[in-house]
Structures are given as structure tokens and as C-alpha cells.
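# Topology and contacts: notes
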Amino acid sequence: MRQILIFAALATGAFAQYPVDPGPRDPQIVAALKQVSPSRIRSTIEKLVSLQTRSTLSAQDPASIAAGHGIGAAREWIKSEFESYSRDCGGCLEVKTDTFTEGPADRIPRPTEITNVYAVLNGTDPENAKRVVLVTGHYDSRNSDTLDATAAAPGANDDGSGTAVSLECARVLSKLKFPATVIFLTVAGEEQGLNGSHHFAQMAKAAGWNIEAVLNNDIVGGDRSPQQDSSVVRVFSEGVPLAAGDADLRLIRNLGGENDSTSREVARYVAEVARTYDSGVKPMLVFRLDRYLRGGDHSAFNREGYPAVRFTEFREDYNHQHQNVRTENGVEYGDLTKFVNFDYIAAVARLNAATLASLASAPAPPAKVHLLTKELQNDSTLTWEPSPGGRATSYEVLWRATTSAEWEHTQSAGNATRITLPLSKDNVIFAVVAADKEGHRSLPVVPIPER
Ligand SMILES: [Zn+2]
């Protein structure tokens, strides 16, 4: 077994500081980001809003679809959009639907058919194509009454904006090829109880899909209130995983692992991507599952054990969400197109596209990453198995102080699968990353102790 011993580095201060070096830019990703179009995003949102309501309980019969009203019309339009992108790339997207009947339940008075619509850009490398990265938004909408199936529920921001991000990522990334698979998803039933995403995540789990990251965009419209900061998008990630069992919780408790869920590593990866590619918006990492009193589709994936984060604008205007369209005492209520900022949504779409493309280009993360804890020692030895799929040419160890939010230092291990560092494992948190020869980096994997 090859091993690297690094002691001189500490004396000379030769450890690279992370993220001072933003890492190499991939020219094909830079070019794809330039294709993201605020005016395409605008027409997507205008089209969705024109359907009057996309309540999950609204009409989906052929006559309503033909008339352009209700959730059925939304579903068919999204499907036709994905199909048109696929025609433009020589049939590179597989456009699919996932239909099921839900209820009756709390917010679903009678059994209701719910359909998720998605497009799959299959990976070009047979082994790596089994790895999936996924972007999602919900195309259903609501007004003041969750059970109102007919009155206007424009949902321009919530979540026309997230739907537009999934569609725009599909349009620009379908022109590229990646070793791993990218899925562009739009779900329904979010406002009735995350029904679409629950069904999709359970289907993925049952089929054994290896989803490395889910990016959920919900309310990324950049509402034009005066207090908005349109240079920032929040990225929420769970700490202690919803899917953690008793043994996981014991380990988290013993190691101080509550800040290193796989979802949080995805959030940190988004921050790294934002430093590498200029998207026009900066992520503000929020270390909690979601906002107070609110939930979202990422949690449905978290429940099945998948890493998933939520993107949401910096400041929400509650007069423009979950409200009947009306004016009262001079205040305008309703989730209308005029309140959203298409340039902002385009910036969020760029950050999503850059993250998806970086992950889909990268090798699989290293396997079985262990930190040796057989004896009391002031050095730290990490071991791992090569990244599955054969694309990794080198590995890097990252670490940070236990009190730090993001990775602070990096040390290359070359192509070795074992490294000893002159650092006490008691004082830092380590992770290992796989990289290919162009410098695409995998998600980091935090080691488990080996005794
Ligand atoms: Zn929403």
C-alpha cells in the first residue's frame, strides 16, 4: 500500500489554504452558464402563471388541459418543454412522468392523481452513469386556502421560480455530456404535503438509485421588496440527519458530527462552486433544515437518506406567498409575476447548473474513508478505497477547526489511498475528496473511526 507521510509541511506552512484557491474552471461549464437566459425564465414563469391555478387539486381533464387551465395543463406544458430541449440535443433527454394516486389525506379531500415530470440526462460512462445528481422545484401552487382548487393561484415565485430553474438547467446542460447522470425534476403536491417528492424519493430508494445530491429550489424569485438582497441566496441543509438511526446518532454524538451530514457537505460544495464560477449570486449557508414554520421537498429526500439542500431567496415577502390575489388598504397580495426578478432567478439557475455540472463531471467520492483510532497518537492517519468508477487520478484531504463552518485546509495525497498528517484528530474535522485529471472534485467524505 502506498502511503504519504507529511511532516515537513507543518514546519514550512506548506498546507494549502482552502478556499483561497478556487480550483480550475471547466471551460465547458463556463460556456454553459453563459447560456442561462433571464428572458427564457421569464417566459416559463409567465406561461405557468397564465394557467390561473396549479393547485394539485385543480383540473387535469383533457378539456381543461386544452383550455390551458389547471395543474394538468402545467404538467403537459412542462413535459413538452423538456421534449423540445431533447429535440435540440438529438434526443439526449429521457422525458418521464411519475404518476400515482394520493389520499384522501389532511389536505387532499378525495383521491387525487399526482404527476411528477422529469428529464434524465444519462451519464456517458457506464459505471458513473449510476451516480445521479438532481435539481428540483415544485410546479403546483396555492392561494390563501390550500383546498381551493379553482381561484387564481399564480405561484410566480412559489414555485414558478424553482420550476424555471429546473427547466433552464435542463435546457443549458443538455447540450453537454457528463460521465454521471443528471435529473431535472419538477414535482406536484408540495403544498398538500410534499406528496410528489415523497413518492419520487421513495421510488428512488426502492430502486436503489445512488443520488449524490439533491438541489431543491423553492422561492428563488428574488421578490422585489426594498429589503431584498439580490446578491444572496440562502442554502439550507439539515444537521443531524432525518434518516439517522440509533447507531448513527451515537456516532454523531461521540464525534461531534452534527455539522457534517452529507447534506451539509453538499451545501459547502455549493459555496465552493460559487467561488469557482461567477453565477451572479452568493450562497449564504444556513445550518438548519428549513425556515421556521415552513418545510420543503428536500426534506422528503433527506427522510430517505439522500443528501439534499434547499435554495431560497434572501428575504421572503409573506404578502406575496400563499395569498389570494387582492388589494387591501393599499397593500397588494398574491404571488404575481411582477414581484419576481428574472435576473436573480437566472443567477440562482447558474449556481445550480454549475453545481450539477461540477458534480456530474467529477469522479465518485472515495469509498470506505476511515480514520485510524487504534492507539492514542497526536498524528492522524486516514485510509480509503479508490473512488469507484475509475475516473479519479488523485485525492485530497481537507480539514477545518471543529468550530469552523467551511473547509480551511487541503493537502494532496497524490494517487495514494493512505495519508498520515501531523495534526491531532481531536482538534480538527477531516474529509477526503477524489479528483480527476482536469481537477473536477467529488463531494468530500468525512471518515468513520476504525479501531
Ligand atoms: Zn414552495
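Bear in mind the structure is a predicted one, so any value in this text is a computation, not a measurement.

### Some words on the overall build of the chain
When helices and strands are tallied, the chain shows 12 helices and 19 strands. Principal-axis analysis of the C-alpha atoms gives the chain an extent of 70 × 45 × 40 Å. Counting over 451 residues, the chain shows a buried share of 58%. Within the chain, contacts between residues separated by at least 24 positions form 76% of all contacts whose residues are at least 6 apart in sequence. Carbon and sulfur atoms make up 50% of the accessible area of the chain, which amounts to about 18,100 Å² in all. For the chain, the separation between the mean place of its 46 positive charges and that of its 55 negative charges on side chains is 3 Å.

### What about the coordination of the zinc ion?
For the zinc ion, the full set of protein donor atoms is His138 (NE2), Asp158 (OD), Asp218 (OD) and Asp218 (OD), and the range of their distances to it is 2.0 to 2.6 Å. The site at the zinc ion holds 4 donor atoms, and with the angles between them running 54 to 144°, its shape is irregular. Mapped onto the sequence, the residues coordinating the zinc ion show the spacing H-x19-D-x59-D. Of the two residues, His138 sits in strand E5 (residues 131-138) while Asp158 sits in the loop between E5 and helix H6 (160-173), which places them 20 residues apart along the sequence. Note on accessibility: His138 and Asp158 belong to one class, buried.

### Looking at the state of the cysteines
Throughout the structure, instances matching the rule amount to 1 disulfide. Residue Cys89 pairs covalently with Cys92 via a disulfide, S to S 2.0 Å. Torsion about the S-S bond of the Cys89 and Cys92 cystine: about -85°, corresponding to left-handed handedness. Note on Cys169: no disulfide assigned, nearest cysteine sulfur contributed by Cys92 at a separation of 14 Å. Under the relative-accessibility criterion, Cys169 is labelled buried at 1%.

### Here's the deal with the nonpolar core
Counting residues in hydrophobic clusters, the biggest one holds 72 residues, and the most contacted among them are Ile41, Ile45, Phe82, Leu173, Phe184, Phe311 and Leu356. Broken down by element, the residue count for this core peaks at 14 residues, all from helix H12 (residues 342-361). When neighbours within four sequence positions are excluded, Phe82 is seen to be in contact with Leu93, Val95, Val117, Tyr118, Ala119, Leu167, Ala170, Phe184 and Thr186.

### Structural notes on the packing of aromatic side chains
Tallied over the full model, the rule gives 6 aromatic pairs. With a centroid separation of 6.3 Å and an interplanar angle of 55°, the aromatic rings of Phe200 and Phe301 are classed as tilted. Of this pair, Phe200 sits in helix H8 (residues 195-206) while Phe301 sits in helix H11 (residues 297-303); the two residues are 101 residues apart in sequence, bridging distant segments of the chain. Members of the aromatic cluster, each reached through a chain of ring pairs, are Tyr118, Phe200, Trp209 and Phe301. Positioned over the ring face of Trp407 is Arg268, at 5.8 Å from the centre of the ring. Sitting above the plane of the Tyr333 ring, Arg326 keeps its charged end 4.1 Å from the centroid.

### Concerning the environment of Glu406
With respect to the helices and strands, Glu406 occurs in the loop between strand E15 (394-401) and strand E16 (409-414). Classification of Glu406 as partly exposed rests on a relative accessible area of 24%. Considered as a pair, Glu406 and Thr150 are 256 residues apart in the sequence and their alpha carbons are 46 Å apart. Other than its neighbours up to four places away in sequence, Glu406 contacts Arg268, Ala271, Arg275, Leu285 and Arg400.

### So, the environment of Arg315
Its location among the elements puts Arg315 in the loop between strand E10 (308-313) and strand E11 (326-328). When the C-alpha atoms of Arg315 and Thr136 are compared, they prove to be 21 Å apart, with 179 residues separating the residues in sequence. Here the side chain of Arg315 touches Ser225 through a polar contact of 3.3 Å, side chain to side chain.

### A word on H6
Along its 14 residues, H6 runs 20 Å from first to last C-alpha, staying within 8% of the 20 Å computed at 1.5 Å per residue. Taken across its 14 residues, H6 has 14 buried, putting it largely inside the fold.

### What about the sheet that holds E5?
Whenever strands of a sheet pair, they do so through backbone hydrogen bonds, lying parallel or antiparallel. Spatial strand order, E3-E4-E6-E5-E7-E10-E8-E9: 8 strands in an open sheet with mixed pairing. The open sheet has two edge strands with one neighbour each: strand E3 (93-102) and strand E9 (282-286). Taken over all neighbouring pairs, the strand axes of this sheet differ in orientation by 25° on average, direction set aside. As paired elements, E5 and strand E7 (residues 210-217) share 6 bridges and run parallel to each other. Pairing of Val133 across the sheet is with Ala213, part of E7.

### Describing the confidence of the model for the chain
With 95% of its residues at a pLDDT of 70 or more, the chain has an overall mean of 95. Confidence drops under pLDDT 50 across residues 7-13; counting only partners more than four residues distant or on other chains, this segment forms 7 contacts.

### With respect to helix H10 (residues 262-276)
Owing to its 3.6 residues per turn, the α-helix brings residues three or four apart onto one side. Relative to the 21 Å expected for 15 residues at 1.5 Å per residue, H10 spans 21 Å between its end C-alpha atoms, a close match to the ideal helical length. In terms of residue burial, H10 counts as a mostly covered element, since 13 of its 15 residues are buried.

Rules used in this analysis
Along each chain, the written sequence defines residue order, and numbers are assigned to residues from 1. Selection of residues for local features in this predicted model requires a pLDDT of at least 70, selection of side-chain atom pairs for listing and counting requires 80 or more, and totals for whole chains, interfaces and linings are taken over all residues. Side-chain numbers here rest on the full set of heavy atoms in the structure, without hydrogens or water. Only DSSP runs of H or I covering at least 4 residues are called helices, and only runs of E covering at least 2 are called strands; the numbering of each starts at the N terminus. When accessible area is computed with a 1.4 Å probe and restricted to protein chains, residues below 20% of their type maximum are described as buried, those above 50% as exposed, and intermediate ones as partly exposed. In what follows, residue pairs with any heavy atoms lying within 4.5 Å of each other are defined as contacts. Only the protein chains shown count as covering a residue, and every accessible area follows the Shrake-Rupley method with a 1.4 Å probe. Note on charges: Lys and Arg go in the positive column, Asp and Glu in the negative column, and His and the chain ends are not counted at all. Where a charge sits is defined by one atom per residue type, namely NZ (Lys), CZ (Arg), CG (Asp) or CD (Glu). In this analysis a donor is any N, O or S atom within 2.8 Å of a metal ion (3.2 Å for sodium, potassium and calcium), and since water is not included, sites may seem incomplete. Here a site with four donors is tetrahedral if all angles are between 85 and 135 degrees, and a site with four or six donors is square planar or octahedral if opposite donors are over 155 degrees apart and the other angles are between 65 and 115; anything else gets the irregular label. By convention in this document, the label disulfide applies to cysteine sulfur atom pairs within 2.5 Å. For the purposes of this section, nonpolar cores are sets of buried Ala, Val, Leu, Ile, Met, Phe, Trp, Tyr and Cys residues that join through side-chain atoms within 4.5 Å. A pair of aromatic rings is counted whenever rings of Phe, Tyr or Trp (Trp by its six-membered ring) have centres within 6.5 Å, and the orientation is called stacked for planes under 30 degrees apart, edge-to-face for over 60 and tilted otherwise. Here, over-ring charges are defined by two tests on the NZ atom of lysine or the CZ atom of arginine: distance to the ring centre within 6 Å, and angle to the ring normal within 35 degrees. Pairs of N or O atoms within 3.5 Å make up the polar contacts considered here, provided that, within protein, one atom can donate a hydrogen while the other can accept it, and that residues adjacent in sequence are counted only when both atoms are side-chain atoms. One less than the number of residues in a helix, times 1.5 Å, gives the span that helix is expected to have. Strands qualify as paired when DSSP identifies two bridges or more between them. Note on geometry: axes are C-alpha line fits, over the in-contact stretch for helices, and angles between N-to-C directions span 0 to 180 degrees. The pLDDT value tells you how sure the predictor is about a given residue, anywhere from 0 up to 100.

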